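Single-letter residue listing:
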Amino acid sequence: PPSVRQAPLVCPGHNRGIVQLQHSAPTPEGTFLISACLDGAPMLRDAATGDWIGTFEGHKGAVWSAALDSPAALAATGGADFTARLFSAVSGDCLLTLPQNHICKVVAFSNSNGTPA
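Residues numbered from 1 in each chain as written. Predicted model: local features only at pLDDT ≥ 70, side-chain atom pairs only at ≥ 80, totals over all residues. Heavy atoms only, no water.

A. Expanded view of the nonpolar core. Core analysis: the biggest nonpolar cluster contains 12 residues, these being Phe32, Ile34, Ala36, Leu44, Phe56, Val63, Ala66, Leu68, Ala72, Ala75, Phe87 and Ala89. Contacts of Ala75, omitting those with residues within four sequence positions, involve Ile34, Phe56, Ala67, Leu68, Arg85, Leu86, Phe87, Ala89 and Phe109. Grouped together as the second largest cluster of nonpolar side chains are 7 residues, Ala67, Ala76, Cys104 and Val107 included. (Core = buried A, V, L, I, M, F, W, Y, C linked by side-chain atoms within 4.5 Å. Buried < 20%, exposed > 50% of the residue type's maximum accessible area, 1.4 Å probe, protein only. Contact = heavy atoms within 4.5 Å.)

B. Broad picture of the packing of aromatic side chains. Using the criterion set out here, one finds 1 aromatic pair in the structure. Taking the centre distance of 5.1 Å and the plane angle of 45° together, the rings of Phe56 and Phe87 count as tilted. Here Phe56, found in the loop between β4 (52-55) and β5 (63-68), pairs with Phe87, found in strand β7 (residues 83-88); they are 31 residues apart in sequence, far enough to count as distant. The pair Phe56 / Phe87 is uniform in exposure class, with both members buried. The ring centre of Trp64 lies 4.7 Å from the NZ or CZ of Lys105, which sits over that ring. (Phe/Tyr/Trp six-rings, centres within 6.5 Å; stacked < 30°, edge-to-face > 60°. Helix = DSSP H or I, 4+ residues; strand = E, 2+ residues; numbered from the N terminus. Lys NZ or Arg CZ within 6 Å of the ring centre and 35° of its normal.)

C. Geometry of the pattern of salt bridges. Evaluated as defined, the whole model comprises 1 salt bridge. In this structure, Arg85 engages Asp81 in a salt bridge whose closest nitrogen and oxygen atoms are separated by 3.7 Å. Across the pair, Asp81 and Arg85 agree in class, each one buried. (Salt bridge = Lys/Arg side-chain N within 4 Å of Asp/Glu carboxyl O.)

D. Examining the sheet that holds strand β6 (residues 74-79) more closely. Overall, antiparallel pairing links the 4 strands, which are arranged β5-β6-β7-β8 in an open sheet. Where the open sheet ends on each side, the last strands, each with one partner, are β5 and β8 (94-99). Strand-to-strand twist of the sheet, defined as the mean angle between neighbouring strand axes without regard to direction, takes the value 15°. Note: β6 against β7, 5 bridges, orientation antiparallel. Paired with Gly78 across the strands is Ala84, a residue of β7. (Pairing = 2+ DSSP bridges. Axes fitted to C-alpha atoms, helices over the stretch in contact; angles between N-to-C directions.)

As structure tokens, then:
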């Protein structure tokens, strides 16, 4: 079989440890990466190049989880500030803040209709 050449992807920007990295499904605009990080600044990147697209702002403390919906139009994040947040992955605007009773360590989207699960 032909060998597959892999190159490391360098993504500068975070100043603390990344605790989760998720990629989107391929879209007409490309494939994207979202990172959850202890620095409280989840980031969206181009998966092919690692180029920074934007930072989702609003959490006050570590972000433990981050996810993109299937068309990569929405981003969900969960943080140590006892909130889960829903963002527009296109504009970066926070669309919804959901208070939690504890640190939010997992966020996900339903595969069937793209709503937060």
